[in-house]
Amino acid sequence: MKAYKGNRVFEGYALGRLAVYSAIKVEKAVGLGKEKEFERFCHAREETVQALDVSYAEALEKLGEKEAALFETHKLMAEDLDFEDAVNAELDGDVTAEFAVQSAGEQLAEIFASMDDAYMKERANDVREVASRIISFLKKDVKGFVLEEPSIIVCDDLPSNELMKIDRDLILGIVFVKGGTNSHVSILTRMLEIPSLCGVDGMVVDESLDGVYAILDANKGDMIFEPESQVVADYTARKRSYEEEKEKLQAFKGKPTLSRDGKKTEIYSNIASSFEVENALKNDSEGIGLFRSEFLYLESSDYPTEDEQFEHYKRVVEAMNPRQVIIRTLDIGADKKIDYFDLPDEENPALGFRSIRICQARPHIFLTQLKALYRASHYGNLAIMVPMIISLSEVDFIKRTAAQARDELRASGIPFKEDVKIGIMIETPSAAVLSDLFAEQVDFFSIGTNDLTQYTLALDRVNPNLKEQFDPRHRSVTRLIKTVADNAHKAGIPVGICGELARDEILLPFFVKIGIDELSVSPAYTLQLRKRISEIDTKDVDLKDFI
Ligand code: PEP
Ligand code: MG
């Protein structure tokens, strides 16, 4: 029995045989001469482009515009002249078109992979995906990846178009040994709710794994090969009870979130892209508590325009209407770097030039975003939330820029809501300590416990060596949360929590007791939290146990 650890992409259990997915590997071979091989390449590229058009249309119908856009990107890559030049240069070596495409694709992928920008890095996989599509048209005799029985797919990475071709009913789970949690295919996997892991340390994907019996525990991040019968029995039972629990949770759909003694909390969703709104609705989320808008910027190769942003925000706001949608303004910097922002290198990026600080230094970026947000407000119940606040002067700046955005829209005759609520994230000790003053100035608070923990404990949240010490239940953090909640309520404004701590089962009774108005979590946790809250009687909760 062998075991590995990975990062969760989507929760759940899978028990079954492994099916190894690997991209077609082409050996170097002499071709039919440069001219003929170039002709073969052009023909295969044409077929690829046609197939991408079909995939685009299918994705548009099944998944929406955002996912479909990926196929447009791939089409542009296939037709890219730099790519054609690289293939041509390879063909000078008298090789086959297949080999030239593979080498050219690899060269371009390496260039993308070496870039600092996370978005550009992820494009390396797109180039490989396009190259492998062209190769599959050149090698018509080679059978593609086909699942014949329900299996756990193991791969280094899997192109999203390949995933879409596989019958969902035959996919028990997926292990992306090299993939990241925010790749396109990971996002797609979450949307399809497939138990899956990525970034599995030490695991090597090769054909010897094909057909091996394995257990995937995506809840804990474990992958177990050839388990003993006792382990199989144990996981079969865990999977059954997990599924029964999930089934029972359906009874909580359409119900308000109430504690046993009748205290109301709302369960909102955290999303990172507009198409995730489907998940929020499917899980009966009562609103969106955190739309991390920076992913729009991370997924673009240049500043997203006002119109582009407006379309994304509008989609979410319309889909959720009349439920509230809290959209967080740009939270760039620290671990989220974007090339086209041209941010300075810093000794301490988490304490550096980020979020509102960038917006103040480059107000046109903030103004564009605020105008897109106000435009979207016309279509439902939108609220604006600004991260990383430390001073009241920042709130003045936000209000001034928001007024300017409204003035400009009004002057252009564009409809928007005048009274959009403006709130701030409480994720620095400074904002928590001054929360009585902030509460007089803004419409709501949302506590970002990921950063609040990092800054209160002076512990880097992304440093793997500090994982053990990173304790968001630390009394210094819970005391700050209590202070913030009390100050919000004294001023008559609502307070939510949108950091990972919002779904902490140990602190849940504390949150309900102190009257947190809204907990914002990944959509998949909505019903689970509603059920847990229904079991809490706040009369039995002693605050001294938590602060
Ligand atoms: C937080 O800091 O708790 C938060 C929700 O924001 P992010 O994790 O995006 O920094
Ligand atoms: Mg934060």
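Values in this document were obtained by computation on a predicted structure and should not be read as measured data.

Cut-offs applied
- Residues numbered from 1 in each chain as written.
- Chains lettered and ligands numbered in written order.
- Predicted model: local features only at pLDDT ≥ 70, side-chain atom pairs only at ≥ 80, totals over all residues.
- Heavy atoms only, no water.
- Donors = N, O, S within 2.8 Å, 3.2 Å for Na, K, Ca; no water.
- Helix = DSSP H or I, 4+ residues; strand = E, 2+ residues; numbered from the N terminus.
- Core = buried A, V, L, I, M, F, W, Y, C linked by side-chain atoms within 4.5 Å.
- Buried < 20%, exposed > 50% of the residue type's maximum accessible area, 1.4 Å probe, protein only.
- Contact = heavy atoms within 4.5 Å.
- Near = heavy atom within 4 Å.
- Polar contact = N/O pair within 3.5 Å; in protein donor to acceptor, adjacent residues only side chain to side chain.
- Expected span 1.5 Å × (residues − 1).
- Pairing = 2+ DSSP bridges.
- Axes fitted to C-alpha atoms, helices over the stretch in contact; angles between N-to-C directions.
- Parallel < 35°, antiparallel > 145°, perpendicular 65-115°, else oblique.
- Left-handed = near helix turned anticlockwise from the far one by under 90°.
- Nonpolar A, V, L, I, M, F, W, Y, C, P; charged D, E, K, R; others polar.
- Phe/Tyr/Trp six-rings, centres within 6.5 Å; stacked < 30°, edge-to-face > 60°.

Asks: I keep staring at the coordination of the magnesium ion (ligand 2) and nothing clicks. Help me out?
Replies: Under ideal tetrahedral coordination, the four donors around a metal are separated by 109.5 degrees; under ideal octahedral coordination, the six donors are separated by 90 or 180 degrees. Taken together, Glu-427 (OE) and Asp-451 (OD) make up the full set of protein donors to the magnesium ion (ligand 2), lying 2.1 Å away. With Glu-427 in the loop between β13 (421–426) and α15 (429–433) and Asp-451 in helix α17 (residues 449–457), this residue pair connects regions lying 24 residues apart in the sequence.

Asks: Explain the nonpolar core to me, please; I cannot follow it from the model alone.
Replies: One recurring pattern in soluble globular proteins is that nonpolar side chains are buried together. Ranked by internal contacts, the top residues of the largest apolar core, which has 88 residues, are Phe-341, Tyr-374, Phe-445, Ile-481, Phe-511, Ile-516 and Leu-519. At eight residues, the largest contribution of residues to this core is made by helix α13 (residues 363–377). Among residues more than four places away in sequence, those in contact with Phe-511 are Ile-481, Ile-497, Leu-501, Ala-502, Ile-516 and Leu-519. Membership of the second largest hydrophobic core comes to 27 residues, among which are Met-77, Ala-131, Ile-134 and Ile-135.

Asks: Honestly, the site of ligand 1 in this entry has me stumped. Any pointers?
Replies: Close to ligand 1 lie 14 residues; Arg-292, Arg-328, Gly-448, Asn-450 and Arg-461 are nearest. The side chain of Glu-427 places a nitrogen or oxygen atom 3.0 Å from an oxygen atom of ligand 1. Here Arg-461 contributes a side-chain N or O atom positioned 2.7 Å from an oxygen atom of ligand 1. For the shell around ligand 1, the elements supplying multiple residues, two or more each, are β10 (287–292) and α17.

Asks: Teacher, can you tell me more about helix α18 (residues 475–490) here?
Replies: Residue pairs spaced three or four apart in an α-helix point in one direction, given the helix's 3.6 residues per turn. Relative to the 22 Å expected for 16 residues at 1.5 Å per residue, α18 spans 22 Å between its end C-alpha atoms, a close match to the ideal helical length. Listing the buried residues of α18 in full gives Val-477, Thr-478, Leu-480, Ile-481, Lys-482, Val-484, Ala-485, Asn-487 and Ala-488. Among the residues trailing α18, Gly-492 stands out with phi positive, at a value near 75°.

Asks: I would appreciate a short explanation of the sheet that holds strand β14 (residues 444–447) in the present structure.
Replies: Strand pairing within a sheet occurs via backbone hydrogen bonds; the two strands may be parallel or antiparallel. In spatial order, the strands read β9-β10-β11-β12-β13-β14-β15-β16; together these eight strands close into a barrel with parallel pairing. Recorded for the sheet is a direction-independent mean angle of 25° between the axes of neighbouring strands. With four bridges joining them, strand β12 (residues 381–386) and β13 adopt parallel strand pairing. In the sheet register, Ile-384 faces β13, and the bridge partner there is Ile-422. Across the sheet, α13 touches β11 (324–328), β12 and β13, and the angle it forms with β12 is around 160°.

Asks: Would you mind going over the sheet that holds strand β7 (residues 213–217) with me for this structure?
Replies: Here eight strands make up an open sheet; going across it, the order is β1-β8-β7-β3-β4-β5-β6-β2 and the pairing mixed. Edge positions in the sheet fall to β1 (2–5) and β2 (7–10), since each of these pairs with one other strand and no more. On average, each strand axis in the sheet is tilted by 30° relative to the strand beside it, whichever way the strands run. In this sheet, strand β5 (residues 171–176) lies alongside strand β4 (residues 151–155) in parallel orientation, the contact comprising five bridges. Residue pairing across strands places Ile-152 opposite Gly-173, the latter belonging to β5. Its contacts with the sheet place helix α8 (residues 229–249) against β3 (13–21), β7 and β8 (222–225), and it is angled at close to 110° to β3.

Asks: Can you walk me through the packing of α13 against helix α14 (residues 392–411) in this structure?
Replies: For any two helices packed against each other, one specifies the crossing angle of their axes together with the interaxial distance. Running from N to C, α13 and α14 cross one another at 60°; their axes reach a closest spacing of 9 Å. It follows that α13 is oblique to α14 by the angle criterion. As for the relative orientation of α13 and α14, their crossing is right-handed in sense. Packed against α13, whose contacting residues are Pro-363, Phe-366, Leu-367, Leu-370, Lys-371, Tyr-374 and Arg-375, the element α14 presents Phe-397, Ile-398, Thr-401, Ala-402, Gln-404, Ala-405, Arg-406, Glu-408 and Leu-409 at the interface. Here the residues of the contact of α13 with α14 sort into ten nonpolar, two polar and four charged.

Asks: Can you walk me through the packing of aromatic side chains in this structure?
Replies: Aromatic ring pairs are reported here in terms of the distance separating the ring centres and the angle at which the planes meet. One pass over the full model with this rule turns up 16 aromatic pairs. Residues Phe-38 and Phe-41 carry aromatic rings whose centres are separated by 5.8 Å and whose planes lie at 40° to one another, so their mutual orientation is tilted. Of this pair, Phe-38 and Phe-41 both sit in helix α1 (residues 34–62), three residues apart, which is roughly one turn of that helix. Taking the relative accessible area as the measure of exposure, Phe-41 reaches 0% and is therefore buried. An angle of 80° between the planes, with centres 5.9 Å apart, marks the rings of Tyr-374 and Phe-416 as edge-to-face. Of this pair, Tyr-374 sits in helix α13 while Phe-416 sits in the loop between α14 and β13; the two residues are 42 residues apart in sequence, bridging distant segments of the chain.

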